[in-house]
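# Architecture at a glance
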Amino acid sequence: FNTKSVLLREVIQVAAAGQHDPPPEPAWLREALEATDGRRGLAVMIEHGIGSSARVAPLIAAINAAASADPTFADYWDASCQLRRTGTAALVARLAARGQLRADLSTQRAADILYAVGSHEMLSAFLTTCGWSLEEVKAWHYDFASGQLLADPAGGSERPTTGLSFDSNVGGES
């Protein structure tokens, strides 16, 4: 690593992926996008997307400092955030195409809400300042996002969070 910015970029990539050499498109992303039940797609996106963002959240102060001092790193970080935003928008577009998005909500507004609520800064506040567990944050995020974005947040008979780390926390305080 010839600069601190290059080292920080590698740390972010490994932290976000949770592994050293992540696949180009993780299986969880395909599962989220292909889920016929929008609640399940949202739950899978939250399980893995929030998990990834939570691993990066402790680095935010260093990221912001590096971005303000190094234009190349700032470009990298902007592209990284845009990639997260694109993934969020893709899920919301699928929800809209299947008629699962609230009728009074544009796909752009829904994508903005999902992106902002899952921000590194918000996660850091919940995890560090408020002392919530990661599972509690994921459950809150799911309850909030499904209630705000989905046409039928209660959905069908299947529990969409089954098998996910935050399943036991969904639906209220723990």
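A short tour of the structure in this document, coming up. Note that this is a predicted model, so its numbers are computed, not measured. (Residues numbered from 1 in each chain as written. Predicted model: local features only at pLDDT ≥ 70, side-chain atom pairs only at ≥ 80, totals over all residues. Heavy atoms only, no water.)

Another point: the overall build of the chain. Helix and strand counts for the chain come out as eight helices and zero strands. In sequence order, the secondary structure elements of the chain are arranged as α-α-α-α-α-α-α-α. By the burial criterion, 39% of the 174 residues in the chain qualify as buried. The long-range fraction of contacts in the chain, counting pairs at least 24 apart against all pairs at least 6 apart in sequence, stands at 71%. Working note: accessible area of the chain is about 9300 Å², and carbon and sulfur atoms make up 55% of it. (Helix = DSSP H or I, 4+ residues; strand = E, 2+ residues; numbered from the N terminus. Buried < 20%, exposed > 50% of the residue type's maximum accessible area, 1.4 Å probe, protein only. Contact = heavy atoms within 4.5 Å. Areas by Shrake-Rupley, 256 points an atom, 1.4 Å probe, with all protein chains shown as cover.)

For E121, the position within the fold is in helix α7 (residues 120-129). Remark: the alpha-carbon pair of E121 and S53, spanning 68 residues in sequence, is separated by 9.5 Å.

Turning our eyes to something else, we now look at the nonpolar core. Core analysis: the biggest nonpolar cluster contains 28 residues, and L42, I46, L91, L114, L149 and F166 have the highest contact counts within it. Counting residues per element, this core draws most heavily on helix α3 (residues 38-56), which supplies six residues. When neighbours within four sequence positions are excluded, L91 is seen to be in contact with A32, L33, G41, L42, M45 and L114. Judged by nonpolar contacts, the second largest core, of 10 residues, contains I60, I63, W77 and C81. (Core = buried A, V, L, I, M, F, W, Y, C linked by side-chain atoms within 4.5 Å.)

Quick look at helix α2 (residues 27-34) now. When α2 is considered as a whole, its buried residues turn out to be L29, A32 and L33. Along the long axis of α2, the arc covered by the buried residues comes to 95°, so they all point the same way. Counted as exposed and oriented over 90 degrees from the buried face of α2: A27 and E34. For α2, the secondary structure elements touched by its buried residues are α3 and α5 (71-97). (Arc of directions from axis to C-beta.)

A few words now on the pattern of salt bridges. Tallied over the full model, the rule gives six salt bridges. Residue R40 is joined to E31 by a salt bridge in which the shortest nitrogen-to-oxygen separation is 3.3 Å. Residue classification places R40 among the partly exposed positions, given a relative accessible area of 22%. Overall, E31 belongs to the partly exposed group, its relative accessible area being 37%. When the shortest N-O distance is used, the salt bridge between D167 and R159 registers 2.6 Å. (Salt bridge = Lys/Arg side-chain N within 4 Å of Asp/Glu carboxyl O.)

For the structure on display, the rule yields five aromatic pairs. Summarising the aromatic geometry, the rings of F126 and W132 are spaced 4.4 Å apart at their centres and angled 35° between planes, so their arrangement reads as tilted. In this structure W132 comes out as partly exposed when scored by relative accessible area, which is 31%. Consider the rings of F126 and W140, whose centres lie 5.0 Å apart with planes at 50°: the pair is tilted. Taken together, the positions of F126 in helix α7 and W140 in helix α8 (residues 134-149) put the pair 14 residues apart, joining distant regions of the chain. (Phe/Tyr/Trp six-rings, centres within 6.5 Å; stacked < 30°, edge-to-face > 60°.)

A few words now on the side chain of E47. Topologically, E47 is positioned in helix α3. For E47, a relative accessible area of 13% gives the class buried. Here S165 takes part through its side chain, which lies 2.9 Å from a polar atom of the side chain of E47. Here E47 is in contact with K138, L164, S165 and F166, once residues within four sequence places are set aside. (Polar contact = N/O pair within 3.5 Å; in protein donor to acceptor, adjacent residues only side chain to side chain.)

Interpretation in functional terms is not warranted from these geometric data alone.
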